[in-house]
Amino acid sequence: QVQLVESGGGLVQPGGSLRLSCTASRIIFSISSMNWYRQGPGKQREWVAGINSGGATVYADSVKGRFTISRDNAKNTLYLQMSSLRSDDTAVYYCHTILPGRGDTWGQGTQVTVSS
């Protein structure tokens, strides 16, 4: 069974940093485009950042310049380095990919709380 498992969430003060990880199993990770999404309290899930198999990255305007998405194909792992965190970054963060024949595939999410 395909699995995406996120980790690295937690409580951080405004202005702080966190690095999220997403480890994938049973997919050909190296050829998969990957994304990070988030869902804040009372909000709809929103796309945050994406990276394709070649390493090209794109970001939502709200996180551009503060977040960095990256991947390590040898470890089947996706990362999201978050810095200059703000209270409105508080959300559950999800790893996502689209698999042939399966469609949208999500991890279970990891909670990030930005608060003093």
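Anything mentioned here points back to the structure above.
For the structure given in this document, a descriptive report is provided here. (Residues numbered from 1 in each chain as written. Predicted model: local features only at pLDDT ≥ 70, side-chain atom pairs only at ≥ 80, totals over all residues. Heavy atoms only, no water.)

### Things to note about the side chain of Thr77
Here is the rule we go by: Helix and strand definitions follow DSSP, with helices as H or I runs of at least four residues and strands as E runs of at least two, each counted in order from the N terminus. For every residue, the accessible area obtained with a 1.4 Å probe (protein chains only) is divided by the maximum for its type, and the residue is called buried under 20%, exposed over 50%, and partly exposed between those limits. Counted as a polar contact is a pair of N or O atoms within 3.5 Å, where, for protein atoms, one must be capable of donating a hydrogen and the other of accepting one, and residues adjacent in sequence contribute only when both atoms are in side chains. We call two residues in contact when some of their heavy atoms are within 4.5 Å.
Inspection of the secondary structure assignment puts Thr77 in strand E8 (residues 77–82). Residue classification places Thr77 among the buried positions, given a relative accessible area of 7%. Within polar-contact distance, the side chain of Thr77 engages the backbone oxygen of Lys75 at 2.8 Å. Every residue in contact with Thr77, bar those within four places of it in the chain, is listed here: Ser21, Cys22, Thr23, Phe29, Ser70, Arg71 and Asp72.

### Let's talk about the pattern of salt bridges
Quick reminder of the rule: One side-chain nitrogen of Lys or Arg within 4 Å of one carboxyl oxygen of Asp or Glu is enough to make a salt bridge.
Summed over the entire model, instances satisfying the criterion amount to five salt bridges. The residue Glu46 makes a salt bridge to Arg38 at a minimum N-O spacing of 2.6 Å. Judged by relative accessible area, which is 36%, Glu46 ranks as partly exposed. Between Arg66 and Asp89 there is a salt bridge; the shortest N-O distance is 2.7 Å. Of this pair, Arg66 sits in the loop between strand E6 (57–59) and strand E7 (67–72) while Asp89 is found in the loop between E8 and strand E9 (91–99), placing the two residues 23 residues apart along the sequence. Grouping residues by exposure puts Arg66 and Asp89 together as buried.

### A closer look at the pairing of E9
Two faces, one strand: in a regular strand the side chains alternate between the faces of the sheet. Using the following cut-off: Strands pair, by our definition, only if DSSP identifies at least two bridges between them.
In terms of burial, E9 is largely enclosed, as seven of its nine residues are buried. As paired strands, strand E4 (residues 34–39) and E9 are joined by six bridges and run antiparallel to one another. Following the sheet pairing, Trp36 is matched in E9 by Cys95. The sheet contact formed by E9 and strand E11 (residues 110–114) spans three bridges and is antiparallel. Across the sheet, residue Ala91 finds its bridge partner in E11, namely Val112. Note that E9 and strand E10 (residues 103–106) share four bridges and pair antiparallel. Bridge pairing links Leu99 to Gly103 in E10.

### Section: unusual backbone geometry
Phi is positive for Asn76, which is not a glycine, with a value near 50 degrees. Along the chain, Asn76 turns up in the loop between E7 and E8. The backbone of Ser84 sits at a positive phi, close to 50 degrees, despite the residue not being glycine. Position of Ser84 among the secondary structure elements: in the loop between E8 and E9.

Interpretation in functional terms is not warranted from these geometric data alone.
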